[in-house]
Amino acid sequence: MTPHHLTLTDDDAADGGTHFKMNPPLRSKADRRALQSALCDGTIEIVATDHAPHPAAEKAKSFGEAPFGVVGMETAAAVIWTRFVNPVA
C-alpha cells in the first residue's frame, strides 16, 4: 500500500494533473476509507512507496502522454506519521 493511495482520491486527480497519474490509479473516497480501515485493523501491514519520479518535461506532457509515476520517498514517512500514527485533531 502506498501513502498516496491511503490519503488521496480520484477527486484529487480530477483536473487531469499529471502529478496524480499513477498505476494503479487513485480511486474513490469509499475505496480510500476501505484501505485506511485495512491499515488500521492490521489487514494491511506494510506501507511502501513506488517512488517513480520523472523529469518535469516528461510530466508536463498531456495526461495521456505523460508517464505513470509519482514522487513518494521524500514524503512517505511524514504522511503516514501525521495521518495515522499521531494525527493532529
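Residues numbered from 1 in each chain as written. Predicted model: local features only at pLDDT ≥ 70, side-chain atom pairs only at ≥ 80, totals over all residues. Heavy atoms only, no water.

Draft legend 1. Structural detail: the overall build of the protein chain. Tallying secondary structure elements over the protein chain gives 4 helices and 0 strands in all. Seen in sequence order, the protein chain has helices and strands lined up from the N terminus as α-α-α-α. Along the first, second and third principal axes, the C-alpha atoms of the protein chain reach 40 × 25 × 25 Å. Burial status across the protein chain gives 29% buried among its 89 residues. Within the protein chain, contacts between residues separated by at least 24 positions form 56% of all contacts whose residues are at least 6 apart in sequence. Looking at charge distribution, the protein chain has the averaged site of its 8 positive side-chain charges lying 3 Å from that of its 11 negative ones. (Helix = DSSP H or I, 4+ residues; strand = E, 2+ residues; numbered from the N terminus. Buried < 20%, exposed > 50% of the residue type's maximum accessible area, 1.4 Å probe, protein only. Contact = heavy atoms within 4.5 Å. Lys, Arg positive; Asp, Glu negative; His and termini not counted. Charge placed at Lys NZ, Arg CZ, Asp CG, Glu CD.)

Draft legend 2. Representation of the pattern of salt bridges. Throughout the structure, instances matching the rule amount to 2 salt bridges. Among the salt bridges present, the one from Lys29 reaches Asp11, with a minimum N-O distance of 3.7 Å. With a gap of 18 residues between them, Lys29 in helix α2 (residues 29-40) and Asp11 in the loop between α1 (3-7) and α2 connect regions that are remote in the sequence. Here Glu58 makes a salt bridge to Lys61, at a shortest N to O gap of 3.3 Å. (Salt bridge = Lys/Arg side-chain N within 4 Å of Asp/Glu carboxyl O.)

Draft legend 3. Structural context of the environment of Asp31. Assignment of secondary structure puts Asp31 in helix α2. Its relative accessible area of 37% is what places Asp31 among the partly exposed residues. The spacing of Asp31 and Met73 is 42 residues in sequence and 23 Å in space, taken between C-alpha atoms.

Draft legend 4. Examining the packing of aromatic side chains more closely. For the structure shown, the criterion picks out 0 aromatic pairs. Sitting over the ring of Phe63, Lys21 keeps its end group 5.4 Å from the ring centre. For the cation-ring pair, Lys21 lies above Phe68, with the distance from its terminal atom to the ring centre recorded as 4.6 Å. (Phe/Tyr/Trp six-rings, centres within 6.5 Å; stacked < 30°, edge-to-face > 60°. Lys NZ or Arg CZ within 6 Å of the ring centre and 35° of its normal.)

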